[in-house]
Amino acid sequence: MTSLRDYLASYAAGDVSRDEMLTRAAAWPLQERDHDPAHTLPDHQDNTADVLSAAMLNGHISEEDYREILRRRKLR
């Protein structure tokens with residue numbers, strides 16, 4: 001799977017265990033967000049830290065999941 005967004009949606013659908021999701025999401029290679037001040041619409045990059053935040057806000061992962069992913073990323 002090449003999209004973090006798709007992977008987290010798969011987790012939300014029950015296709016992936018929580019432990020597996022936490023391990024994989026924490027190790028996921030995140031891209032820097034392309035920023036273009038002239039571009040005001042979302043750029044739909046799929047592998048950024050914003051995707052994790054949006055997944056939490058959309059109920060695909062819990063706040064506890066989000067915090068655990070960030071904690072594990074710092075340990076890498």
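Attention here is on the structure that accompanies the text. None of the values given here were measured: they were computed from a predicted structure. (Residues numbered from 1 in each chain as written. Predicted model: local features only at pLDDT ≥ 70, side-chain atom pairs only at ≥ 80, totals over all residues. Heavy atoms only, no water.)

1. So, the nonpolar core
Counting residues in each nonpolar core, the largest one holds 16 residues, and the members touching the most others are L4, Y7, L8, M21, L52, I61 and I69. Only α1 (4-12), α2 (18-27), α3 (49-57) and α4 (63-75) provide two or more residues apiece to this core. Aside from chain neighbours lying at most four places away, what touches I61 is L8, Y11, M21, L52, A55, M56, Y66 and I69. (Core = buried A, V, L, I, M, F, W, Y, C linked by side-chain atoms within 4.5 Å. Buried < 20%, exposed > 50% of the residue type's maximum accessible area, 1.4 Å probe, protein only. Helix = DSSP H or I, 4+ residues; strand = E, 2+ residues; numbered from the N terminus. Contact = heavy atoms within 4.5 Å.)

2. Considering the packing of α2 against α4
For the pair α2 and α4, the least separation of the axes is 8 Å and the interaxial angle reads 45 degrees. Relative to α4, α2 is oriented oblique. In the crossing of α2 with α4, the sense of the turn from one axis to the other is right-handed. On α4, the residues touching R18, D19, M21, L22, T23, A25, A26 and A27 of α2 are E64, D65, E68, I69, R72 and R73. Of the residues in the contact of α2 with α4, the class split is six nonpolar, one polar and seven charged. (Axes fitted to C-alpha atoms, helices over the stretch in contact; angles between N-to-C directions. Parallel < 35°, antiparallel > 145°, perpendicular 65-115°, else oblique. Left-handed = near helix turned anticlockwise from the far one by under 90°. Nonpolar A, V, L, I, M, F, W, Y, C, P; charged D, E, K, R; others polar.)

3. Considerations on the pattern of salt bridges
Across all of its chains, the model carries six salt bridges by this definition. With a shortest N-O distance of 2.5 Å, R67 and E63 are connected by a salt bridge. With R67 and E63 both in helix α4 and four residues apart, the pair spans about one turn of that helix. By relative accessible area, which is 44% here, E63 ends up partly exposed. R72 is the partner of E68 in a salt bridge, and the nearest nitrogen-oxygen pair spans 2.8 Å. Linking E68 with R72, this pair stays in helix α4, spanning four residues, or about one helical turn. A single salt-bridge network, built from bridges that share partners, covers R18, E64 and D65. (Salt bridge = Lys/Arg side-chain N within 4 Å of Asp/Glu carboxyl O.)

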